[in-house]
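# Structural overview for review
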Amino acid sequence: MTTTEIDRLIQLLSKLPGLGPRSARRAALHLIKNRESLMKPLGLAMEAAAENVQTCSTCGNLDTANPCAICTDVKRDTAKICVVEEVADLWALERTASFNGLYHILGGVLSPLDGVGPDDLTLDSLIARARGDEVTEIILATSATVDGKTTAHYITDRLEDAGVTVSALAHGIPVGGELDYLDDGTLSAAMKERRGI
Amino acid sequence: MNEISSSGAGVFFREDLTTGEVPVVTAIPHQLAVSRLTLTDFRCYRQQRLEVDVRPVVLTGPNGAGKTNLLEALSFLVPGRGLRRAKLSEITRRAADGVVAARQWAVAAKLSVGDNEIDIGTGCEIGANDNDRGRDKRVTKIDGTVVKSQAELGRYTSAQWLTPQMDRLFLEGASGRRRFVDQLIYGLDPEHAGPVAAYDHSLRSRNKLLREGNLEPQWLDSIEESMARHGIALVVRRLEVVARLQAVCRAGKGAFPGSEIAMAGQVEDWLASEPALTVEDRFRDALLTSRPSDAVIGSTSVGPHRSDFAVRHGDTGMAADICSTGEQKALLIGIVLAAARLQTEERGYTPLLLLDEITAHLDKARRVSLFELILDLGAQAWITGTEDEIFAPLGEQVQHFAINQGEFEKL
Ligand SMILES: [Zn+2]
């Protein structure tokens, strides 16, 4: 390995969220020291994921199958759709095992200040899904930030004549708290005590 | 002889006059005080530590010595953007040629309220990684644990400040006065920061959409809903706190005049005659109706961001902006000290007072009275000035440091 290759590795690692140049150097060194047990398997896992992971065209989840394993799971309740901002939020809710319905990933929240509008989110497909015969309840699990709440209000407005009940996760989600950061207990309680809007 | 040095109610340290030993300093139970402050790459400070006791701190030195920077650092121990309202990236230390010399800054402090100690650390990493969502990321730790939001600081600490820029507070736009009154309120009601930030966020969102000509009704509905909810909540809080503060402000104290204070504005007028929920509807309607005209001017013409904090001289009844410069400053000091007294009553401890060049525009009588009031209150005040002599009469009642080029020297 030439210095250039190590530099390249560090440079790429430093683009990962939460890693600055210093921690990237540490990570690179750790990988190189554990070449057989970590670096090579990691490379293979990355290649396989890059090759096979796709976005579910129904819900926006990430999986090697499309539609994803959740969308095609016959044991899941297809009458309920839980709307989340990001895949990480879906994972957080799945960890709690408190929800047995389907998901819809918005891809963010409405945010004029960040230049994110309705067309940048998967709102049209959400509304189309909500109009489907089987769906009776849409559960909004956007974050408790100002933008998250504004987005929830907007979706509720747009779903007015879709013939579904719209509910939101109950209190217990602190303002500014993103779903992904909540502990499992809080999250499943918030799901159980969800209330209609 | 062991004498208790006293200044009115502010009995808070003992002085051993015979042995000349360092005074034994004990905190009064209701005083928020810094005991150690550590600055890293903050403005002119590369790495500086200052250890102090609970007495007021006097900092003297030439202009540009780093006095205001030190007060600014202390102002980061409470929620908000500090007393200069600077961008996080502006605060990092710069080399002599103005080039940014660090990629982060930090303020760490040990504070006490009576026997309870708390460690606070806050700082910022400047764009460590372009892909990180936070960009310039402010991190706040309380007792070593990272907290989700710096707003949590408000549960433990509070500070009030006066800076030379605020000398023109009554002459300039209403936004400065709203910030001033909100800063007073944060000390009395830390939860006030929530609706203030939420309203401001939604207001800027609405203005941006209107300026871009984006008039999608449902999107604006959602934003205006947020403005109505948070906007009315924040005006209600302002009215409540200003009414409590008015009771304390009305009577003058020492050489400082009393004042008549009030919030004034459209929403305040509505709330005078209608319940909050009705006013929320009224405000939402007003926003809806004003969309076309607001789109033309590119800003929002109605709402609490148009309110003003109105102050009149308690003795003369004159509006503050037509009082003399000296009288305006006296009114401001009177209000800040009243807020500090009210907070001590309501929350059980005194705030930190950060008083930058406070003695400018004050005659000797008012200077002496200000020092007496601070000592009476028992607050740990941080007072800066250029001349040592002004503070000489305070003797051992304060701890005095000289600052020069970012270095401290205990006098
Ligand atoms: Zn799916």
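The shown structure was predicted, so the numbers you read here are calculated from the model rather than taken from an experiment.

Cut-offs and rules
- Residues numbered from 1 in each chain as written.
- Chains lettered and ligands numbered in written order.
- Predicted model: local features only at pLDDT ≥ 70, side-chain atom pairs only at ≥ 80, totals over all residues.
- Helix = DSSP H or I, 4+ residues; strand = E, 2+ residues; numbered from the N terminus.
- Expected span 1.5 Å × (residues − 1).
- Buried ≥ 20, exposed ≤ 12 C-beta atoms within 10 Å, placed from the backbone.
- Contact = placed C-beta atoms within 7 Å.
- Pairing = 2+ DSSP bridges.
- Axes fitted to C-alpha atoms, helices over the stretch in contact; angles between N-to-C directions.
- Nonpolar A, V, L, I, M, F, W, Y, C, P; charged D, E, K, R; others polar.
- Domains from an automatic or database assignment.
- Arc of directions from axis to C-beta.
- Parallel < 35°, antiparallel > 145°, perpendicular 65-115°, else oblique.

Our focus in this paragraph is helix α8 (residues 364–377) of chain B. Residues and elements named next belong to chain B. Taking 1.5 Å as the rise per residue, α8 with 14 residues should run 20 Å; its terminal C-alpha atoms sit 20 Å apart, in good agreement. Taken as a whole, α8 has its buried residues at Leu370, Phe371, Leu373, Ile374, Leu375 and Leu377. Among the structural elements, α7 (325–347), β13 (352–355) and β14 (381–385) are those in contact with the buried residues of α8. Looking one or two residues past α8, glycine 378 carries a phi angle of roughly 80°, positive in sign.

This next bit is on the sheet that holds strand β5 (residues 57–60) of chain B. All names here are of chain B. With mixed pairing, the 6 strands of this open sheet are ordered in space as β10-β13-β14-β5-β15-β16. Edge strands, defined here as strands with exactly one partner in the open sheet, are β10 (159–162) and β16 (407–410). Along the sheet, successive strands turn relative to each other by an average axial angle of 20°, direction set aside. Relative to β16, strand β15 (residues 399–404) runs antiparallel, the two being bridged by 4 bridges. Note that in β16 the partner of isoleucine 403 across the bridge is phenylalanine 408.

On to the interface of chain A and chain B, then. The partner chain B presents 21 residues to the 21 residues of chain A that form the contact. In terms of residue class, the side of chain A that touches chain B is built from 10 nonpolar, 7 polar and 4 charged.

The subject of this paragraph is the domain arrangement of chain B. The figure often quoted for interface size is the accessible area lost as the parts come together. Residues and elements named next belong to chain B. Examined at the domain level, chain B breaks down into domain 1 (1–88 + 107–118 + 150–158 + 352–411) and domain 2 (171–350). Taken over C-alpha atoms, the centre of domain 1 sits 30 Å from the centre of domain 2. Across the contact, 22 residues belong to domain 1 and 21 residues belong to domain 2. Ranked by the residues each element gives to the side of domain 1 that touches domain 2, the list is headed by α8, at 7 residues. Here the side of domain 1 that touches domain 2 is built from residues that sort into 12 nonpolar, 7 polar and 3 charged.

All names here are of chain A. Burial in helix α6 (residues 123–130) covers these residues: Leu123, Leu126, Arg129 and Ala130. Relative to the axis of α6, the buried residues are bounded by an arc of 120° and lie together on one face. Seen from the open side of α6, the exposed residues pointing more than 90 degrees away from its buried face are Asp124 and Ala128. Contacts from the buried residues of α6 go to β3 (77–84), β4 (101–105), β5 (137–140) and α7 (146–158).

The next subject is the packing of helix α5 (residues 87–96) of chain A against helix α8 (residues 184–192) of chain A. Residue and element names in this part refer to chain A. Where α5 meets α8, the closest approach of the two axes is 9 Å, and the angle between their N-to-C directions is 90°. By the angle class used here, α5 and α8 are roughly perpendicular. Across from Ala92, Leu93, Arg95 and Thr96 in α5, the residues of α8 making contact are Asp184, Leu187 and Ser188. Broken down by class, the residue content of the contact of α5 with α8 amounts to 3 nonpolar, 2 polar and 2 charged.

Okay, the sheet that holds β5(A) next. All names here are of chain A. Reading across the sheet, the 5 strands line up as β4-β3-β5-β6-β7 and stay open at both edges, with mixed pairing between neighbours. Looking at the sheet topology across the chains shown, the edges are occupied by β4 and β7 (195–196). Pairing between β3 and β5: 4 bridges, direction parallel. Of the residues in β5, the one forming a bridge with isoleucine 81 is isoleucine 138.

What follows deals with unusual backbone geometry. Cis geometry marks the peptide bond from Asn66(A) to Pro67(A), where omega comes out at 0°. On the secondary structure map, Pro67(A) appears in the loop between β2 (62–63) and α4 (69–72). Of note in this structure, Glu357(B) is not a glycine but carries a positive phi near 50°. Inspection of the secondary structure assignment puts Glu357(B) in the loop between β13 and α8. Of the residues examined, Glu357(B) has 18 C-beta atoms within 10 Å and is grouped as partly exposed.

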